[in-house]
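# Structure at a glance
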Amino acid sequence: MPTRDQVHYFGAGPAPLPTPVLEEASKVILNYNDSGIGITEISHRSADANAILAQTKNALRQLLDIPESDGPDGYEILFLQGGGSGEFSAIVYNLVAAWVGAKVKEVGDDRIAEELRKMRLDYLVTGSWSLKASQEAARLVGSEHVNVALDSRKFREGKFGAIPDKSNWKISASREDVALTYYCDNETVDGVEFPAGSPSDLPNLVGDMSSNFLSRKVDVRKHAAIFGGAQKNVGTTGITIAIISNRFLPPNAEYAKPDLLRKLGLGVAPVVLDYPTIAKNNSLYNTLPIFDVWIAGQVMQRLVDRGPQQQPRIATQEAESDKKANLLYSVLDASPDIYRVVPEKEARSRMNICFRVKGGDDAAEKAFVKGAEAKGLLGIKGHRSVGGMRISNYNAVPVVAVEKLVSYLQDFAKSQ
Ligand SMILES: O=C(O)C(=O)[C@H](O)COP(=O)(O)O
Ligand SMILES: N[C@@H](CCC(=O)O)C(=O)O
(Lines give C-alpha, C1' and ligand atoms only; values in the text may rest on other atoms or scores of the structure.)
(Ligands and ions follow the chains in the order given, each with its own letter.)
Protein backbone atom coordinates (compact mmCIF):
# COMPACT_ATOMS: atom_id res chain seq x y z
CA MET A 1 0.00 0.00 0.00
CA PRO A 2 1.57 3.33 -1.04
CA THR A 3 2.11 6.10 1.48
CA ARG A 4 1.10 9.68 0.87
CA ASP A 5 4.59 10.74 -0.17
CA GLN A 6 4.94 7.89 -2.69
CA VAL A 7 2.17 9.18 -4.97
CA HIS A 8 1.30 12.44 -6.65
CA TYR A 9 -2.31 13.21 -7.40
CA PHE A 10 -3.39 15.44 -10.28
CA GLY A 11 -7.19 15.04 -9.99
CA ALA A 12 -9.49 17.88 -11.10
CA GLY A 13 -11.33 18.29 -7.84
CA PRO A 14 -11.47 17.26 -5.10
CA ALA A 15 -7.75 17.83 -5.19
CA PRO A 16 -4.66 17.54 -3.01
CA LEU A 17 -4.33 19.55 0.19
CA PRO A 18 -1.07 20.53 1.89
CA THR A 19 0.09 17.59 4.04
CA PRO A 20 0.86 19.76 7.12
CA VAL A 21 -2.74 21.00 7.08
CA LEU A 22 -4.04 17.43 6.98
CA GLU A 23 -1.68 16.37 9.77
CA GLU A 24 -2.99 19.19 11.95
CA ALA A 25 -6.55 18.32 10.88
CA SER A 26 -6.14 14.78 12.14
CA LYS A 27 -5.29 16.21 15.57
CA VAL A 28 -8.10 18.80 15.78
CA ILE A 29 -10.67 16.22 14.73
CA LEU A 30 -9.94 14.51 18.04
CA ASN A 31 -9.35 17.52 20.23
CA TYR A 32 -9.79 21.13 19.16
CA ASN A 33 -7.89 23.84 21.01
CA ASP A 34 -7.32 21.60 24.07
CA SER A 35 -11.05 21.55 24.72
CA GLY A 36 -11.28 17.75 24.77
CA ILE A 37 -13.88 17.99 21.98
CA GLY A 38 -13.18 17.53 18.27
CA ILE A 39 -13.69 20.28 15.72
CA THR A 40 -16.51 18.45 13.93
CA GLU A 41 -18.32 18.14 17.26
CA ILE A 42 -18.24 21.76 18.47
CA SER A 43 -21.16 24.11 17.93
CA HIS A 44 -20.96 26.33 14.87
CA ARG A 45 -22.15 29.10 17.20
CA SER A 46 -19.36 28.67 19.77
CA ALA A 47 -16.63 31.23 20.37
CA ASP A 48 -14.11 28.83 18.80
CA ALA A 49 -16.19 28.55 15.62
CA ASN A 50 -16.58 32.33 15.41
CA ALA A 51 -12.83 32.75 15.77
CA ILE A 52 -12.28 30.26 12.90
CA LEU A 53 -14.68 32.21 10.70
CA ALA A 54 -13.00 35.52 11.52
CA GLN A 55 -9.49 34.16 10.86
CA THR A 56 -10.50 32.64 7.53
CA LYS A 57 -12.19 35.81 6.33
CA ASN A 58 -9.24 37.90 7.41
CA ALA A 59 -6.77 35.69 5.51
CA LEU A 60 -8.94 35.81 2.39
CA ARG A 61 -9.24 39.60 2.58
CA GLN A 62 -5.48 39.87 2.68
CA LEU A 63 -4.89 37.42 -0.16
CA LEU A 64 -7.31 39.00 -2.61
CA ASP A 65 -7.23 42.57 -1.29
CA ILE A 66 -10.97 42.52 -0.61
CA PRO A 67 -12.23 45.96 0.44
CA GLU A 68 -13.60 46.01 3.98
CA SER A 69 -16.24 48.63 4.72
CA ASP A 70 -19.91 48.71 5.65
CA GLY A 71 -20.52 51.15 2.81
CA PRO A 72 -21.24 50.35 -0.83
CA ASP A 73 -17.54 50.02 -1.65
CA GLY A 74 -17.04 47.14 0.78
CA TYR A 75 -17.43 43.41 0.11
CA GLU A 76 -18.91 40.71 2.32
CA ILE A 77 -17.49 37.19 2.47
CA LEU A 78 -20.10 34.44 2.75
CA PHE A 79 -19.73 30.71 3.37
CA LEU A 80 -22.48 28.69 1.76
CA GLN A 81 -23.32 25.09 0.90
CA GLY A 82 -24.59 23.60 -2.34
CA GLY A 83 -21.30 23.73 -4.24
CA GLY A 84 -20.50 25.76 -7.31
CA SER A 85 -23.73 24.49 -8.86
CA GLY A 86 -25.72 25.92 -5.95
CA GLU A 87 -24.24 29.30 -6.80
CA PHE A 88 -25.37 29.00 -10.44
CA SER A 89 -28.87 29.33 -8.98
CA ALA A 90 -28.12 31.61 -6.01
CA ILE A 91 -26.50 34.29 -8.10
CA VAL A 92 -29.54 34.47 -10.37
CA TYR A 93 -32.08 34.65 -7.54
CA ASN A 94 -30.14 37.32 -5.68
CA LEU A 95 -29.04 39.60 -8.49
CA VAL A 96 -32.44 39.42 -10.18
CA ALA A 97 -34.18 40.32 -6.90
CA ALA A 98 -31.73 43.22 -6.49
CA TRP A 99 -32.31 44.37 -10.09
CA VAL A 100 -36.10 44.24 -9.75
CA GLY A 101 -35.92 45.98 -6.35
CA ALA A 102 -33.86 48.82 -7.81
CA LYS A 103 -36.16 49.11 -10.85
CA VAL A 104 -39.28 49.31 -8.71
CA LYS A 105 -37.73 52.22 -6.87
CA GLU A 106 -37.09 53.92 -10.18
CA VAL A 107 -40.32 53.27 -12.10
CA GLY A 108 -42.81 52.27 -9.39
CA ASP A 109 -45.02 49.18 -9.05
CA ASP A 110 -47.21 50.03 -12.03
CA ARG A 111 -44.49 49.91 -14.65
CA ILE A 112 -42.31 47.15 -13.30
CA ALA A 113 -43.87 44.33 -15.36
CA GLU A 114 -43.17 46.28 -18.53
CA GLU A 115 -39.59 47.08 -17.47
CA LEU A 116 -38.97 43.46 -16.53
CA ARG A 117 -39.31 42.42 -20.17
CA LYS A 118 -36.07 44.25 -20.84
CA MET A 119 -34.08 42.51 -18.10
CA ARG A 120 -31.08 40.54 -19.39
CA LEU A 121 -28.60 38.14 -17.85
CA ASP A 122 -25.49 38.06 -20.03
CA TYR A 123 -23.48 34.83 -20.09
CA LEU A 124 -20.03 34.27 -21.54
CA VAL A 125 -20.04 30.56 -22.31
CA THR A 126 -16.51 29.26 -22.68
CA GLY A 127 -16.82 25.71 -21.37
CA SER A 128 -19.11 23.17 -19.80
CA TRP A 129 -19.45 24.95 -16.41
CA SER A 130 -20.49 28.33 -17.78
CA LEU A 131 -22.81 26.44 -20.15
CA LYS A 132 -24.46 24.75 -17.16
CA ALA A 133 -24.72 28.08 -15.34
CA SER A 134 -26.43 29.69 -18.35
CA GLN A 135 -28.84 26.76 -18.61
CA GLU A 136 -29.72 27.13 -14.94
CA ALA A 137 -30.39 30.84 -15.45
CA ALA A 138 -32.72 30.03 -18.36
CA ARG A 139 -34.48 27.41 -16.21
CA LEU A 140 -35.04 29.93 -13.41
CA VAL A 141 -35.98 33.13 -15.23
CA GLY A 142 -36.77 31.98 -18.79
CA SER A 143 -34.50 31.88 -21.80
CA GLU A 144 -35.95 35.18 -23.07
CA HIS A 145 -33.98 36.92 -20.33
CA VAL A 146 -30.71 35.07 -20.93
CA ASN A 147 -28.37 36.54 -23.49
CA VAL A 148 -25.55 34.15 -24.37
CA ALA A 149 -23.15 36.93 -25.28
CA LEU A 150 -20.46 34.46 -26.22
CA ASP A 151 -20.62 30.76 -27.06
CA SER A 152 -17.02 29.97 -27.79
CA ARG A 153 -17.94 26.68 -29.51
CA LYS A 154 -19.15 28.72 -32.48
CA PHE A 155 -15.55 29.81 -33.07
CA ARG A 156 -14.14 26.30 -33.07
CA GLU A 157 -16.28 23.84 -34.99
CA GLY A 158 -18.67 23.21 -32.14
CA LYS A 159 -16.02 22.51 -29.51
CA PHE A 160 -14.83 24.52 -26.54
CA GLY A 161 -11.16 25.42 -26.42
CA ALA A 162 -10.92 29.06 -27.46
CA ILE A 163 -11.72 32.39 -25.82
CA PRO A 164 -12.32 34.89 -28.61
CA ASP A 165 -11.61 38.47 -27.60
CA LYS A 166 -14.15 41.02 -26.46
CA SER A 167 -14.86 42.36 -29.95
CA ASN A 168 -16.70 39.06 -30.55
CA TRP A 169 -18.92 39.24 -27.47
CA LYS A 170 -22.52 40.28 -28.07
CA ILE A 171 -23.11 41.93 -24.75
CA SER A 172 -26.48 43.56 -24.12
CA ALA A 173 -26.61 47.05 -25.56
CA SER A 174 -28.09 48.75 -22.52
CA ARG A 175 -26.05 48.35 -19.32
CA GLU A 176 -28.99 49.22 -17.16
CA ASP A 177 -30.99 46.22 -18.40
CA VAL A 178 -28.29 43.81 -17.27
CA ALA A 179 -28.92 42.11 -13.94
CA LEU A 180 -25.62 40.25 -14.20
CA THR A 181 -22.79 39.41 -16.58
CA TYR A 182 -21.46 35.95 -15.90
CA TYR A 183 -18.22 34.18 -16.70
CA CYS A 184 -16.31 31.15 -15.45
CA ASP A 185 -12.70 32.22 -15.07
CA ASN A 186 -11.29 28.72 -15.50
CA GLU A 187 -13.04 25.77 -17.12
CA THR A 188 -11.81 22.44 -15.76
CA VAL A 189 -13.33 20.11 -18.33
CA ASP A 190 -12.12 22.04 -21.37
CA GLY A 191 -8.84 23.38 -19.98
CA VAL A 192 -9.43 27.04 -20.82
CA GLU A 193 -8.87 30.09 -18.65
CA PHE A 194 -9.52 33.77 -19.28
CA PRO A 195 -6.39 35.90 -19.53
CA ALA A 196 -5.72 37.65 -16.19
CA GLY A 197 -7.92 40.72 -15.73
CA SER A 198 -10.45 39.78 -18.40
CA PRO A 199 -13.41 40.16 -18.52
CA SER A 200 -13.83 43.56 -16.92
CA ASP A 201 -15.86 46.73 -17.28
CA LEU A 202 -19.06 44.80 -17.74
CA PRO A 203 -22.19 45.49 -15.71
CA ASN A 204 -22.69 43.52 -12.50
CA LEU A 205 -19.86 41.14 -13.26
CA VAL A 206 -19.99 37.70 -11.63
CA GLY A 207 -16.99 35.36 -11.76
CA ASP A 208 -17.04 31.63 -11.01
CA MET A 209 -13.51 31.06 -9.74
CA SER A 210 -14.08 27.58 -8.33
CA SER A 211 -11.10 26.11 -10.10
CA ASN A 212 -8.52 28.91 -10.08
CA PHE A 213 -9.37 30.62 -6.80
CA LEU A 214 -6.26 31.97 -5.04
CA SER A 215 -3.94 31.09 -7.91
CA ARG A 216 -3.52 34.64 -9.20
CA LYS A 217 -4.46 38.18 -8.36
CA VAL A 218 -7.98 39.31 -9.09
CA ASP A 219 -9.45 42.77 -9.20
CA VAL A 220 -12.31 42.16 -6.80
CA ARG A 221 -13.51 45.77 -7.19
CA LYS A 222 -14.53 45.09 -10.80
CA HIS A 223 -16.98 42.43 -9.66
CA ALA A 224 -20.45 42.33 -8.21
CA ALA A 225 -19.68 38.85 -6.97
CA ILE A 226 -17.04 36.14 -7.11
CA PHE A 227 -17.64 32.62 -5.91
CA GLY A 228 -15.81 29.35 -5.70
CA GLY A 229 -16.34 25.85 -4.38
CA ALA A 230 -13.62 25.01 -1.87
CA GLN A 231 -12.60 21.60 -3.18
CA LYS A 232 -9.72 22.58 -5.46
CA ASN A 233 -7.27 25.22 -4.28
CA VAL A 234 -8.87 26.02 -0.96
CA GLY A 235 -10.01 23.03 1.01
CA THR A 236 -12.42 20.18 1.51
CA THR A 237 -15.72 19.68 -0.29
CA GLY A 238 -18.68 21.13 1.58
CA ILE A 239 -18.42 24.89 1.48
CA THR A 240 -18.61 27.49 -1.22
CA ILE A 241 -17.11 30.91 -0.68
CA ALA A 242 -18.85 33.95 -2.12
CA ILE A 243 -17.47 37.47 -2.14
CA ILE A 244 -20.36 39.89 -2.61
CA SER A 245 -20.26 43.62 -3.17
CA ASN A 246 -22.21 45.55 -0.54
CA ARG A 247 -23.97 47.23 -3.47
CA PHE A 248 -26.00 44.01 -3.65
CA LEU A 249 -26.72 43.72 0.06
CA PRO A 250 -28.96 45.71 2.39
CA PRO A 251 -28.96 48.56 3.26
CA ASN A 252 -27.39 49.51 -0.09
CA ALA A 253 -29.71 47.25 -2.08
CA GLU A 254 -33.37 46.65 -1.50
CA TYR A 255 -34.37 43.29 -2.92
CA ALA A 256 -37.84 42.96 -4.44
CA LYS A 257 -40.22 41.44 -1.91
CA PRO A 258 -41.25 37.77 -2.38
CA ASP A 259 -44.87 38.82 -3.06
CA LEU A 260 -43.80 41.01 -5.96
CA LEU A 261 -41.40 38.42 -7.37
CA ARG A 262 -44.16 35.81 -7.33
CA LYS A 263 -46.58 38.22 -8.96
CA LEU A 264 -44.05 38.86 -11.71
CA GLY A 265 -43.61 35.14 -12.27
CA LEU A 266 -40.10 35.13 -10.85
CA GLY A 267 -38.81 32.62 -8.32
CA VAL A 268 -37.98 33.42 -4.71
CA ALA A 269 -34.58 32.24 -3.44
CA PRO A 270 -34.57 29.36 -0.95
CA VAL A 271 -33.58 31.07 2.28
CA VAL A 272 -30.26 29.20 2.50
CA LEU A 273 -29.24 30.77 -0.81
CA ASP A 274 -30.48 34.26 0.04
CA TYR A 275 -27.36 36.44 0.34
CA PRO A 276 -28.91 39.12 2.61
CA THR A 277 -29.99 36.41 5.07
CA ILE A 278 -26.61 34.69 5.06
CA ALA A 279 -24.75 38.02 5.35
CA LYS A 280 -26.93 39.24 8.24
CA ASN A 281 -26.18 36.02 10.11
CA ASN A 282 -22.41 36.01 9.48
CA SER A 283 -22.90 32.78 7.45
CA LEU A 284 -24.46 31.10 10.50
CA TYR A 285 -28.10 31.18 9.47
CA ASN A 286 -28.01 27.39 9.71
CA THR A 287 -25.36 24.81 10.62
CA LEU A 288 -22.12 25.60 8.85
CA PRO A 289 -19.53 22.80 8.44
CA ILE A 290 -16.96 24.64 10.50
CA PHE A 291 -14.28 22.00 9.91
CA ASP A 292 -14.35 22.91 6.20
CA VAL A 293 -13.96 26.57 7.12
CA TRP A 294 -11.04 25.69 9.40
CA ILE A 295 -9.27 23.78 6.60
CA ALA A 296 -9.76 26.71 4.22
CA GLY A 297 -8.47 29.08 6.90
CA GLN A 298 -5.31 26.99 7.40
CA VAL A 299 -4.66 26.74 3.66
CA MET A 300 -5.15 30.49 3.28
CA GLN A 301 -2.95 31.32 6.26
CA ARG A 302 -0.08 29.36 4.70
CA LEU A 303 -0.48 31.44 1.53
CA VAL A 304 -0.51 34.64 3.58
CA ASP A 305 2.64 33.57 5.43
CA ARG A 306 4.59 32.72 2.28
CA GLY A 307 3.46 35.74 0.26
CA PRO A 308 4.83 39.26 0.22
CA GLN A 309 3.70 41.70 2.91
CA GLN A 310 2.22 44.08 0.35
CA GLN A 311 -0.34 43.58 -2.43
CA PRO A 312 -0.57 41.42 -4.42
CA ARG A 313 -0.12 39.04 -1.51
CA ILE A 314 -1.00 36.10 -3.75
CA ALA A 315 2.08 36.84 -5.93
CA THR A 316 4.24 33.98 -4.61
CA GLN A 317 1.54 31.41 -5.32
CA GLU A 318 0.82 32.96 -8.70
CA ALA A 319 4.46 32.69 -9.72
CA GLU A 320 4.59 29.06 -8.64
CA SER A 321 1.37 28.17 -10.47
CA ASP A 322 2.67 29.81 -13.64
CA LYS A 323 6.03 28.07 -13.35
CA LYS A 324 4.46 24.61 -12.98
CA ALA A 325 2.04 25.20 -15.86
CA ASN A 326 4.82 26.48 -18.13
CA LEU A 327 6.96 23.44 -17.36
CA LEU A 328 4.15 21.13 -18.39
CA TYR A 329 3.11 22.98 -21.52
CA SER A 330 6.69 23.33 -22.73
CA VAL A 331 7.34 19.61 -22.51
CA LEU A 332 4.04 18.84 -24.27
CA ASP A 333 4.82 21.34 -27.02
CA ALA A 334 8.29 19.84 -27.44
CA SER A 335 6.83 16.54 -28.73
CA PRO A 336 4.09 17.53 -31.19
CA ASP A 337 4.08 14.05 -32.77
CA ILE A 338 3.08 12.49 -29.47
CA TYR A 339 1.15 15.17 -27.57
CA ARG A 340 -1.47 17.70 -28.67
CA VAL A 341 -2.73 20.30 -26.22
CA VAL A 342 -6.50 20.55 -26.71
CA PRO A 343 -7.27 24.28 -26.27
CA GLU A 344 -5.74 27.08 -28.26
CA LYS A 345 -2.54 28.59 -26.95
CA GLU A 346 -4.03 31.95 -25.86
CA ALA A 347 -6.77 30.20 -23.89
CA ARG A 348 -4.69 27.56 -22.11
CA SER A 349 -5.54 27.04 -18.46
CA ARG A 350 -2.77 27.19 -15.85
CA MET A 351 -4.86 24.87 -13.67
CA ASN A 352 -6.08 22.07 -15.96
CA ILE A 353 -3.79 20.99 -18.73
CA CYS A 354 -5.83 19.03 -21.26
CA PHE A 355 -4.10 17.10 -24.04
CA ARG A 356 -4.35 14.06 -26.26
CA VAL A 357 -1.76 11.36 -26.73
CA LYS A 358 -1.09 10.28 -30.33
CA GLY A 359 -4.16 12.05 -31.64
CA GLY A 360 -6.42 10.39 -29.06
CA ASP A 361 -5.47 6.82 -29.96
CA ASP A 362 -7.20 4.67 -27.33
CA ALA A 363 -4.40 2.17 -26.85
CA ALA A 364 -1.74 4.89 -26.61
CA GLU A 365 -3.76 6.88 -24.05
CA LYS A 366 -4.40 3.75 -21.98
CA ALA A 367 -0.69 2.92 -22.05
CA PHE A 368 0.13 6.50 -21.06
CA VAL A 369 -2.17 6.37 -18.02
CA LYS A 370 -0.93 2.92 -17.02
CA GLY A 371 2.71 3.98 -17.22
CA ALA A 372 2.00 7.09 -15.13
CA GLU A 373 0.17 5.08 -12.49
CA ALA A 374 3.09 2.67 -12.24
CA LYS A 375 5.18 5.69 -11.24
CA GLY A 376 2.65 6.89 -8.67
CA LEU A 377 1.39 9.72 -10.90
CA LEU A 378 -2.37 9.54 -10.45
CA GLY A 379 -5.58 11.26 -11.55
CA ILE A 380 -4.55 12.26 -15.07
CA LYS A 381 -7.54 11.03 -17.06
CA GLY A 382 -9.64 13.70 -18.73
CA HIS A 383 -13.24 14.40 -17.75
CA ARG A 384 -15.54 11.57 -18.83
CA SER A 385 -17.47 13.91 -21.14
CA VAL A 386 -14.45 14.73 -23.33
CA GLY A 387 -11.88 11.98 -22.72
CA GLY A 388 -8.17 12.48 -23.26
CA MET A 389 -5.70 13.47 -20.56
CA ARG A 390 -5.91 16.21 -17.96
CA ILE A 391 -3.23 17.23 -15.49
CA SER A 392 -4.63 19.43 -12.75
CA ASN A 393 -2.06 21.83 -11.41
CA TYR A 394 -3.75 23.12 -8.28
CA ASN A 395 -1.94 25.04 -5.55
CA ALA A 396 -1.10 22.05 -3.36
CA VAL A 397 0.48 20.07 -6.20
CA PRO A 398 4.18 20.48 -5.37
CA VAL A 399 6.79 21.52 -7.93
CA VAL A 400 8.52 18.18 -7.39
CA ALA A 401 5.35 16.35 -8.48
CA VAL A 402 5.25 18.37 -11.68
CA GLU A 403 8.96 17.68 -12.27
CA LYS A 404 8.35 13.93 -11.94
CA LEU A 405 5.47 14.17 -14.37
CA VAL A 406 7.61 16.17 -16.79
CA SER A 407 10.26 13.39 -16.75
CA TYR A 408 7.55 10.83 -17.38
CA LEU A 409 6.14 12.84 -20.29
CA GLN A 410 9.64 13.02 -21.81
CA ASP A 411 10.36 9.32 -21.25
CA PHE A 412 7.02 8.27 -22.69
CA ALA A 413 7.55 10.42 -25.79
CA LYS A 414 11.03 8.90 -26.32
CA SER A 415 9.66 5.38 -25.97
CA GLN A 416 7.17 5.86 -28.84
O1 LIG B 1 -15.30 23.70 -11.84
C2 LIG B 1 -15.35 22.49 -11.66
O3 LIG B 1 -14.60 21.68 -12.16
C4 LIG B 1 -16.28 21.91 -10.74
O5 LIG B 1 -16.08 20.80 -10.33
C6 LIG B 1 -17.43 22.66 -10.27
O7 LIG B 1 -17.05 23.85 -9.69
C8 LIG B 1 -18.12 21.77 -9.32
O9 LIG B 1 -19.32 22.23 -8.96
P10 LIG B 1 -19.97 21.56 -7.68
O11 LIG B 1 -19.79 20.09 -7.82
O12 LIG B 1 -19.22 22.14 -6.49
O13 LIG B 1 -21.38 21.98 -7.74
N1 LIG C 1 -14.56 19.10 -11.26
C2 LIG C 1 -14.46 17.76 -11.65
C3 LIG C 1 -15.68 16.93 -11.37
C4 LIG C 1 -16.83 17.29 -12.15
C5 LIG C 1 -17.92 16.23 -12.19
O6 LIG C 1 -17.65 15.16 -12.72
O7 LIG C 1 -19.00 16.51 -11.71
C8 LIG C 1 -14.05 17.65 -13.08
O9 LIG C 1 -14.09 18.59 -13.86
O10 LIG C 1 -13.60 16.61 -13.43
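Going by the structure above, here's the rest.
Residues numbered from 1 in each chain as written. Chains lettered and ligands numbered in written order. Predicted model: local features only at pLDDT ≥ 70, side-chain atom pairs only at ≥ 80, totals over all residues. Heavy atoms only, no water.

## Some details on the site of ligand 1
- The local shell around ligand 1 consists of Gly83, Gly84, Ser85, Trp129, Thr188, Ser210, Gln231 and Lys232.
- Residue Trp129 places a side-chain N or O atom 3.3 Å away from an oxygen atom belonging to ligand 1.
- Note that an oxygen atom of ligand 1 is positioned 2.9 Å from one of the side-chain N or O atoms of Lys232.
- Ranked by residues supplied to the shell around ligand 1, first place goes to helix H3 (residues 83-107) with three residues. (Near = heavy atom within 4 Å. Polar contact = N/O pair within 3.5 Å; in protein donor to acceptor, adjacent residues only side chain to side chain. Helix = DSSP H or I, 4+ residues; strand = E, 2+ residues; numbered from the N terminus.)

## Structural notes on the site of ligand 2
- Every residue lining ligand 2 is accounted for by Ala12, Gly13, Trp129, Thr188, Val189, Lys232, His383, Arg384 and Arg390.
- Between ligand 2 and His383, the relevant distance is 3.1 Å, taken from an oxygen atom to a side-chain nitrogen or oxygen of the residue.
- With respect to ligand 2, the side chain of Arg390 contributes an N or O atom lying 2.5 Å from an oxygen atom.
- When ligand 2 sits alone it has 300 Å² of accessible area, and the protein chains cover 73% of it.
- Its residues assigned to classes, the shell around ligand 2 comprises three nonpolar, three polar and three charged. (Areas by Shrake-Rupley, 256 points an atom, 1.4 Å probe, with all protein chains shown as cover. Nonpolar A, V, L, I, M, F, W, Y, C, P; charged D, E, K, R; others polar.)

## A few points about the sheet that holds strand E14 (residues 389-392)
- The strand order E11-E12-E14 describes an open sheet built from three strands, whose pairing is antiparallel. In the strand order of this sheet, the two ends are held by strand E11 (339-341) and E14, each with one partner. On average, adjacent strands in this sheet sit at an angle of 35 degrees to one another, irrespective of strand direction.
- Its contacts with the sheet place helix H10 (residues 362-374) against E11, strand E12 (352-357) and E14, and it is angled at close to 130 degrees to E12.
- Each of E11, E12 and E14 is contacted by helix H11 (residues 399-415), which is oriented at about 130 degrees to E11, the strand it contacts most. (Pairing = 2+ DSSP bridges. Axes fitted to C-alpha atoms, helices over the stretch in contact; angles between N-to-C directions. Contact = heavy atoms within 4.5 Å.)

## Remarks on the sheet that holds strand E4 (residues 146-151)
- With mixed pairing, the seven strands of this open sheet are ordered in space as E2-E10-E9-E8-E5-E3-E4. Only two strands of the sheet have a single partner each, and these edge strands are strand E2 (75-80) and E4. When strand polarity is set aside, the average angle formed by the axes of neighbouring strands in this sheet is 15 degrees.
- Sheet strands in contact with H3 are E2, strand E3 (120-125), strand E5 (178-184), strand E8 (205-208), strand E9 (225-229) and strand E10 (240-245), and its direction is about 160 degrees off that of E5.
- Across the sheet, helix H5 (residues 128-141) is in contact with E3, E4 and E5; its angle to E3 comes to roughly 160 degrees.

## Here we look at the side chain of Glu320
- Relative to the assigned elements, Glu320 resides in helix H9 (residues 315-333).
- The class of Glu320 is buried, set by a relative accessible area of 18%.
- Contacts of Glu320, omitting those with residues within four sequence positions, involve Arg306, Asn395 and Val399. (Buried < 20%, exposed > 50% of the residue type's maximum accessible area, 1.4 Å probe, protein only.)

## A few points about a nonpolar patch on the surface
- Residues Val271, Val272 and Tyr285 make up a contiguous nonpolar surface patch of about 220 Å² in total accessible area.
- As for its position among the elements, Val271 is in the loop between helix H6 (258-263) and helix H7 (275-280). (Patch = residues over 30% accessible without salt bridge, like charges linked within 9 Å, V, L, I, M, F, W, Y side chains within 5 Å. Salt bridge = Lys/Arg side-chain N within 4 Å of Asp/Glu carboxyl O.)

## Comments concerning the packing of helix H2 (residues 47-64) against helix H8 (residues 290-306)
- Following both chains from N to C, one finds H2 and H8 inclined at 40 degrees, their axes separated by 8 Å at the closest point. In the crossing of H2 with H8, the sense of the turn from one axis to the other is left-handed. Listed contacts from H8 to Ala49, Ile52, Leu53, Gln55, Thr56, Ala59, Leu60, Gln62 and Leu63 of H2 are Ile290, Val293, Trp294, Ala296, Gly297, Met300, Gln301, Leu303 and Val304.
- Each residue belonging to the contact of H2 with H8 can be placed in one class, and the counts come to 13 nonpolar, five polar and no charged. (Left-handed = near helix turned anticlockwise from the far one by under 90°.)

## As for the nonpolar core
- If you look at the biggest cluster of nonpolar residues, it comprises 53 residues, and the most contacted ones within it are Leu60, Phe213 and Leu214.
- Looking at this core, the elements with two or more residues in it are helix H1 (19-28), H2, E2, E4, E10 and H8.
- If one sorts the elements of this core by residue count, H8 sits on top with ten residues.
- Of all hydrophobic cores here, the second largest spans 50 residues; its members include Ile91, Ala179, Tyr182 and Ala279. (Core = buried A, V, L, I, M, F, W, Y, C linked by side-chain atoms within 4.5 Å.)

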